[in-house]
Amino acid sequence: MMDKLIINGGRSLEGEVSISGAKNAALPILAATLLASEQVIIHNVPHLQDITTMMELIGGMGVSFIVDDKMTLEVNPKEVFGHIAPYDLVKTMRASILVLGPLLTKFGKAEVSLPGGCAIGSRPVDLHISGMRALGANINVENGYIYASAPNGLKGAEYTFDIISVTGTENLIMAAVLAQGVTQLNNAAKEPEVVDLANFLNTLGAKIKGAGTDTIIIEGVTDLKSGEYTVMPDRIEAGTFLIAASITSGHIKLKNTYAQSMTAILEKLEASGAGLNISHNDIEINCKQKRPKAVNIITSPYPAFPTDMQAQFMSLNAVAEGTSEIVETIFENRFMHVQELQRMGANIKLHGNTAVCTGVEKLTGAPVMATDLRASAGLVLAGLVADGETIVDRIYHIDRGYERIEEKLAQLGASIRRAN
Ligand code: UD1
């Protein structure tokens, strides 16, 4: 049986909650440990299914781990022997493609299964492949696998992304770190998780400049040493909890956040009428007795509004005062939560990649189905505010990216439990 979340809506959230390490930073950082020649210590690794999948993937290549109780990982990549990322693991997580760059640059060869179809769109990996070719790799795609080789190592080169790609940028950074000579990446992704990966690699002795801008310059080095690093806080988990407070007219404080990485999200919350107070690593949100106001959103690469927060804001707009437009520009099929929200009484109309939503006074609880990671988060949020019981089915999607979401929400006073 698949796990479900059973939520009884209508309680205002109150209290404090601690935000976990960022999934989308920890995944490339774990893949990057393949590049190191010595032991690496990583702190603040979130306890998530996607992280377990990445550990299985690189563990199958010979990386060994010691896990301590506070999600610090001691990673030992000294005995890596494998260079194959098999279909069984890659099909469950697209981010598995992140091992391509490290394997190719370190061992001169890699076999990585193509990720295949994905619920939120076709999401090709053509840029990863053309980027590796620019660094001198030979690549054949056949039988559902990417077969890559560079017998004499990769060579630094200039590469310009046609479309901004987060994991594409990360893969190319990792490949270039051990390439001969200098690589320049143009139109690179500026996401904070890209910066976190570059900072991690520089801690081990890599020479990467410009991460966080659209031009990244990597001077190849011969090897990476040991080091210790703390993964940045998860800005999407933090944003999701802020909306949980907003739509339940609650008042909560998030600990261990990185507000500078959340500007676009925080601006939209302020526009919706939330009272925000940011100090050190904490974000306090006060929405007592307030119904949120609807906000218009266009998703775009960082520093603009992130597609990974789109579904959650759809739930906010569903119960907000006023009519809003949400335009999704990154993924073509990322509105699957809309149908489920309609079943809970939301008034949303879809026109291509635009969702027009008129807020209603009340949503009503219903059985709903999670279809992807962030869509499921949107449904949980809707359940928190809906009248009566909402049952969110297929929550393995949520467990991929949210650590103990039901425990953290229950700690804030929500009525939510896991069942199967
Ligand atoms: C990453 C995030 C994901 C987030 C997304 C956009 C990780 C592990 N995942 O995914 O949570 O939703 O960024 O912020 O960090 N594209 C191509 N060819 C390619 C690669 C991408 O056409 O080779 C297209 C995609 O279809 C999409 C756009 O580029 O339309 C952006 O995708 P990309 O930034 O690559 O997303 P991911 O890195 O897979």
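The structure under discussion appears in the preceding block.
Source: prediction; values computed, not measured.

**So, the packing of aromatic side chains**
At step 1: Scanning all chains against the criterion turns up four aromatic pairs.
At step 2: Relative to Tyr147, the ring of Tyr145 has its centre 6.1 Å away and its plane inclined at 35°; by these criteria the two rings are tilted.
At step 3: Residue class for Tyr145 comes out buried when judged on its relative accessible area of 17%.
At step 4: Residue class for Tyr147 comes out partly exposed when judged on its relative accessible area of 27%.

**What about the packing of helix H11 (residues 336-343) against helix H12 (residues 373-385)?**
At step 1: Between H11 and H12, whose axes approach to 9 Å, the crossing angle comes to 20°. The pairing of H11 with H12 is recorded here as roughly parallel in orientation. Of the two possible hands of crossing, H11 and H12 adopt the one that is right-handed. Every residue of H12 that contacts H11 at His337, Glu340 and Leu341 is listed here: Ala375, Leu379 and Ala382.
At step 2: For the contact of H11 with H12, the residue count by class is four nonpolar, one polar and one charged.

**Section: helix H10 (residues 310-319)**
At step 1: Counting buried residues along H10, ten of its ten residues qualify, which places the element largely inside the surrounding structure.
At step 2: Residues of H10 that are buried include every one of Gln310, Ala311, Gln312, Phe313, Met314, Ser315, Leu316, Asn317, Ala318 and Val319, and no others.

**Concerning the site of the ligand**
At step 1: Neighbouring residues of the ligand: 19 residues in total, closest Asp126, Ser165, Thr167, Asp308 and Ile330.
At step 2: Pro124 places a polar main-chain atom, nitrogen or oxygen, 3.2 Å from an oxygen atom of the ligand.
At step 3: One of the side-chain nitrogen or oxygen atoms of Asp308 is found 2.6 Å away from an oxygen atom of the ligand.
At step 4: Considering the ligand on its own, with 740 Å² of exposed area, one finds that the protein chains cover 88% of that surface.
At step 5: Sorting the residues of the shell around the ligand by element identifies helix H5 (126-134) and helix H6 (166-177) as the ones contributing at least two each.
At step 6: The element contributing the most residues to the shell around the ligand is H5, with three residues.
At step 7: When grouped by side-chain class, the residues that make up the shell around the ligand number nine nonpolar, five polar and five charged.

Scoring rules and cut-offs
Residues numbered from 1 in each chain as written. Predicted model: local features only at pLDDT ≥ 70, side-chain atom pairs only at ≥ 80, totals over all residues. Heavy atoms only, no water. Phe/Tyr/Trp six-rings, centres within 6.5 Å; stacked < 30°, edge-to-face > 60°. Buried < 20%, exposed > 50% of the residue type's maximum accessible area, 1.4 Å probe, protein only. Axes fitted to C-alpha atoms, helices over the stretch in contact; angles between N-to-C directions. Helix = DSSP H or I, 4+ residues; strand = E, 2+ residues; numbered from the N terminus. Parallel < 35°, antiparallel > 145°, perpendicular 65-115°, else oblique. Left-handed = near helix turned anticlockwise from the far one by under 90°. Contact = heavy atoms within 4.5 Å. Nonpolar A, V, L, I, M, F, W, Y, C, P; charged D, E, K, R; others polar. Near = heavy atom within 4 Å. Polar contact = N/O pair within 3.5 Å; in protein donor to acceptor, adjacent residues only side chain to side chain. Areas by Shrake-Rupley, 256 points an atom, 1.4 Å probe, with all protein chains shown as cover.

On their own, these measurements won't tell you what the molecule is for.
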